[in-house]
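# Overview (structure and organization)
In case you want the letters, here they are:
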Amino acid sequence: MGALAQRPKLYEQVAERLGEAIASGTLRPGDRLPSVRQLSLRERVSISTVLQAYLHLESLGLIETRPQSGHYVRRRERPRLAEPQVSRPAASATPVTVSALVARVYQSAREPHLVQLGAAWPSPELLPVRRLYRELNALTREAGDSGIAYDLPPGCPELRQQLARRSLDWGCALSPDDFITTCGASEAVHLCLLAVARTGDTIAIESPAYYGTLQTIESLGLRALEIPSSPRHGMELDALRAALERRRVAAVLVVPSFSNPVGSCMPEEHRKRLVAMLAERDIPLIEDDIYGDLHFGPERPRTCKSFDTTGNVLLCGSFSKTLAPGFRVGYVAPGRFRERIELLKFSQTVATATLPQLTIARFLQEGGYDRHLRALRRRLAAQVERMAGAVAEYFPEGTRVARPSGSSLLWVELPPSVDASVLHARALEAGISIAPGPIFSARPDSYRHFIRLSCGHPWTPRIEGAMSTLGCLARSLV
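Residues numbered from 1 in each chain as written. Predicted model: local features only at pLDDT ≥ 70, side-chain atom pairs only at ≥ 80, totals over all residues. Heavy atoms only, no water.

### Observations regarding the packing of helix α6 (residues 157-166) against helix α12 (residues 354-365)
Our working definition: A fitted line through C-alpha atoms represents every axis, and for helices the fit uses only the stretch in contact; the resulting angles, taken between N-to-C directions, go from 0 to 180 degrees. Each helix is a run of DSSP H or I of at least 4 residues and each strand a run of E of at least 2, with the numbering of both proceeding from the N terminus. By the definition adopted for this analysis, an angle is roughly parallel if under 35 degrees, roughly antiparallel if over 145, roughly perpendicular if from 65 to 115, and oblique otherwise. Each crossing gets its hand from how the near helix is turned against the far one by less than a right angle, where anticlockwise is left-handed and clockwise is right-handed. The contact definition used throughout considers only heavy atoms, calling two residues in contact when any of these lie within 4.5 Å. Residues are grouped as follows: Ala, Val, Leu, Ile, Met, Phe, Trp, Tyr, Cys and Pro are nonpolar; Asp, Glu, Lys and Arg are charged; every other residue, Gly included, is polar.
Their axes nearest at 8 Å, the elements α6 and α12 cross at an angle of 40°. What the angle tells us is that α6 and α12 run oblique. Considering how the two elements wind past one another, α6 and α12 form a crossing that is left-handed. Contacts between α6 and α12 involve Glu158, Leu159, Gln162 and Arg166 from the first element and Gln357, Leu358, Ile360, Ala361, Leu364 and Gln365 from the second. For the contact of α6 with α12, the class distribution of residues is five nonpolar, three polar and two charged.

Below, the structure written as structure tokens:
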């Protein structure tokens, strides 16, 4: 492994802490940094270590030295890249064969020495870890036998009560009885597909699509019909309507709010039109709203479920992207499919873990979730902007990047000559993990010059260095 895989040296640790302060906005462009002597005393390191740290930050372009004045956060003007075009997937449905490729990619997400730019989960540094542990510890003492008992479907009453309250923010007015808790949003989507489709059926999805969804479709023996999608507005509804007129579709599965990997956000009018279009044809709509709380704008997007008057929308979500990925607490509001989903939940996993549900329920009840979300959204917005700027600065000419208005992902289109699978392999050799484009399609020859980058970790000089290296590798493949 290269230098990125080694334990950071002392000066690199000092530089990393300053880099985090710059990335978070604590230190802004033009701010004066502490003097060498001041930082030496504050960090309890030698003056030479501080000088090395400042030189390192300067080499990364984060700071500048002004003679007889000191060190300052550098003002950086980066070009704004064009967005990718509307996707143009094949018009026919196809069996899905992505699991082998995804497995190879995901092995790298388990390697702690790699710079993780591929996995789409938030860093623990951005989450209220200590408070969640305090709640969990308190519940462990208080719950008694109920804490280790099965919490049979529909799941934890306290959590379903809190979900019903939060549904008002989604534009809905759901009751606790409308919800069934699940082991993350992945299980929620899995149960929905089981409830509405049979082996060999076709599911219409956005293109590109989250590879976890593609794996689920593959595991159930379903076929995927990829619908053209805009990086700004999501699924193209005219293309969907044309597809529905040509063939039978068992269900439509969309991520209207900040889709993975593109980050598109479907306009409210499009959501209303989509719900009406499918209700008219009696085609279920599976809505994955896992990123809905991570909007950068002032208002949360309304869910498609908020326009549902027939029970045709199955709304899925979880707290994996906002609170605790490892708790695996999700939910589904399945409308007219509720009885079927509840039976499937019991037959598939019996119950969702009790204590994690109770912990999240108490966290929501006692307040602080919305305050946490506001801080999290600010951090993620800054990190997405910083990552996009690094793509513009380091990647080859002709690169395009999506402009998400929420979540923590960047969809990057490289020049056609850059093979994302080759770039993925070379990046791993350099100690960097990325997600190559082909895993986001049912057809392995799609999106061969695209990659997805995760912005879920606080910006540091190490990440800046990784982006510089990744850009260099990409330029070498042009």
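Past the structure itself, the notes keep going.
### Quick notes on the nonpolar core
Cut-off, in case you're wondering: In plain words, nonpolar cores are sets of buried Ala, Val, Leu, Ile, Met, Phe, Trp, Tyr and Cys residues tied together by side-chain atoms within 4.5 Å. Type-normalised accessible area, obtained with a 1.4 Å probe on protein chains alone, sets the label of each residue: buried when under 20%, exposed when over 50%, and partly exposed for intermediate values.
Core analysis: the largest hydrophobic core is formed by 42 residues, its most contacted members being Leu193, Val196, Ile203, Ile205, Ile286, Ile341 and Ile439. Broken down by secondary-structure element, the contributors of at least two residues to this core are α4 (99-107), α7 (184-196), β6 (202-207), α8 (211-219), β9 (251-254), β11 (313-318) and α11 (338-349). If one sorts the elements of this core by residue count, α7 sits on top with seven residues. Not counting chain neighbours up to four residues away, the residues in contact with Ile286 comprise Cys192, Leu193, Val196, Ala251, Val252, Leu253, Val254, Leu314 and Cys316. Grouped together as the second largest cluster of nonpolar side chains are 34 residues, Ala390, Val391, Ile432 and Leu470 included.

### Quick look at the confidence of the model for the protein chain
As a reminder of what qualifies: The quantity known as pLDDT measures the predictor's confidence residue by residue, on a range of 0 to 100.
Per-chain confidence: the protein chain averages 92 in pLDDT, with 97% of residues scoring 70 or above. Segment residues 1-6 is flagged for pLDDT under 50; beyond a separation of four residues in sequence, or across chains, it makes 13 contacts in the model.

### Observations concerning the sheet that holds strand β16 (residues 435-436)
Put simply, the rule is: When DSSP finds two or more bridges between two strands, those strands count as paired.
One open sheet accounts for four strands, arranged β13-β14-β17-β16; its pairing is antiparallel. Looking along the sheet, the strands with just one partner apiece sit at the ends: β13 (400-401) and β16. When β16 meets strand β17 (residues 450-454), the two strands line up antiparallel, connected through two bridges. Its bridge partner being in β17, Pro436 is matched across the sheet by Ile451.

### A closer look at the state of the cysteines
Spelled out, the test is: We call a pair of cysteine sulfur atoms a disulfide whenever their separation is within 2.5 Å.
Counted under the stated rule, the structure contains zero disulfides. Between Cys304, a cysteine without a disulfide, and Cys172, which holds the nearest cysteine sulfur, the sulfur-to-sulfur distance is 9.8 Å. Distance from the sulfur of Cys316, which forms no disulfide, to the nearest cysteine sulfur (Cys192) is 3.6 Å. The exposure class assigned to Cys316 is buried, which follows from its relative accessible area of 0%.

### Some thoughts on the packing of aromatic side chains
Aromatic rings considered in pairs are described by the distance between their centres and by the relative angle of their planes. What counts, and what does not: Only Phe, Tyr and Trp rings are paired, with Trp represented by its six-membered ring, and only when their centres lie within 6.5 Å; those with planes under 30 degrees apart are stacked, over 60 edge-to-face, the remainder tilted. Sitting over a ring, as applied to charges here, requires NZ of Lys or CZ of Arg to be within 6 Å of the ring centre and within 35 degrees of the ring normal.
Within the structure shown, the criterion is met by twelve aromatic pairs. Ring centres of Tyr210 and Tyr211 lie 4.9 Å apart, and the angle between their planes is 45°; on these two criteria the pair is classed as tilted. Among the residues examined, Tyr210 registers a relative accessible area of 26% and is labelled partly exposed. Ring geometry for Tyr211 versus Phe440: centroids 5.5 Å apart, planes at 55°, classification tilted. Of this pair, Tyr211 sits in helix α8 while Phe440 sits in the loop between β16 and β17, and the two are 229 residues apart along the sequence. No difference in accessibility class separates Tyr211 from Phe440, as the two residues are buried. A connected cluster of aromatic rings, assembled from ring pairs, spans Trp170, Phe179, Phe319, Tyr331, Phe363 and Tyr369. Across from the ring centre of Tyr72, 3.9 Å away, lies the NZ or CZ of Arg66, which sits over that ring.

### Looking at a nonpolar patch on the surface
Heads up, the rule is: Excluding any residue in a salt bridge, patches collect residues exceeding 30% relative accessible area, merging like charges within 9 Å and nonpolar Val, Leu, Ile, Met, Phe, Trp and Tyr side chains within 5 Å. We get accessible surface area from the Shrake-Rupley algorithm with a probe of 1.4 Å; when it comes to residues, only the shown protein chains can shield them. Between Lys or Arg on one side and Asp or Glu on the other, a salt bridge is scored when a side-chain nitrogen of the former is within 4 Å of a carboxyl oxygen of the latter.
Together, Tyr150, Leu152 and Phe346 give the surface a local cluster of nonpolar side chains, amounting to about 370 Å² of exposed area. Residue position: Leu152 is located in the loop between α5 (129-143) and α6. In this structure Leu152 comes out as partly exposed when scored by relative accessible area, which is 44%.

### Looking at the pattern of salt bridges
Think of it this way: side chains of opposite charge can pair up when their charged atoms draw near. A complete count under the given rule lists 18 salt bridges for this structure. Between Glu43 and Arg17 there is a salt bridge, with the nearest N and O atoms lying 2.8 Å from each other. Here Glu43 is found in helix α2 (residues 36-43), whereas its partner Arg17 is found in helix α1 (residues 10-24), with 26 residues between them in sequence. A relative accessible area of 19% means that Glu43 is categorised as buried. Residue class for Arg17 comes out partly exposed when judged on its relative accessible area of 39%. Here Asp370 makes a salt bridge to Arg166, at a shortest N to O gap of 2.9 Å. Of this pair, Asp370 sits in helix α13 (residues 369-394) while Arg166 sits in helix α6, and the two are 204 residues apart along the sequence. Of the residues examined, Asp370 reaches a relative accessible area of 37% and is grouped as partly exposed.

### Quick look at the pairing of strand β14 (residues 409-413)
The side chains of a regular strand alternate between the sheet's two faces. When you tally the buried positions in β14, you get five out of five residues, the bulk of the element. Side chains Leu409, Trp411 and Glu413 of β14 all project onto a buried face; the interleaved residues Leu410 and Val412 project onto the opposite face, where all are buried too. Where β13 and β14 come together, two bridges link them in antiparallel fashion. In the sheet register, Val401 faces β14, and the bridge partner there is Val412.

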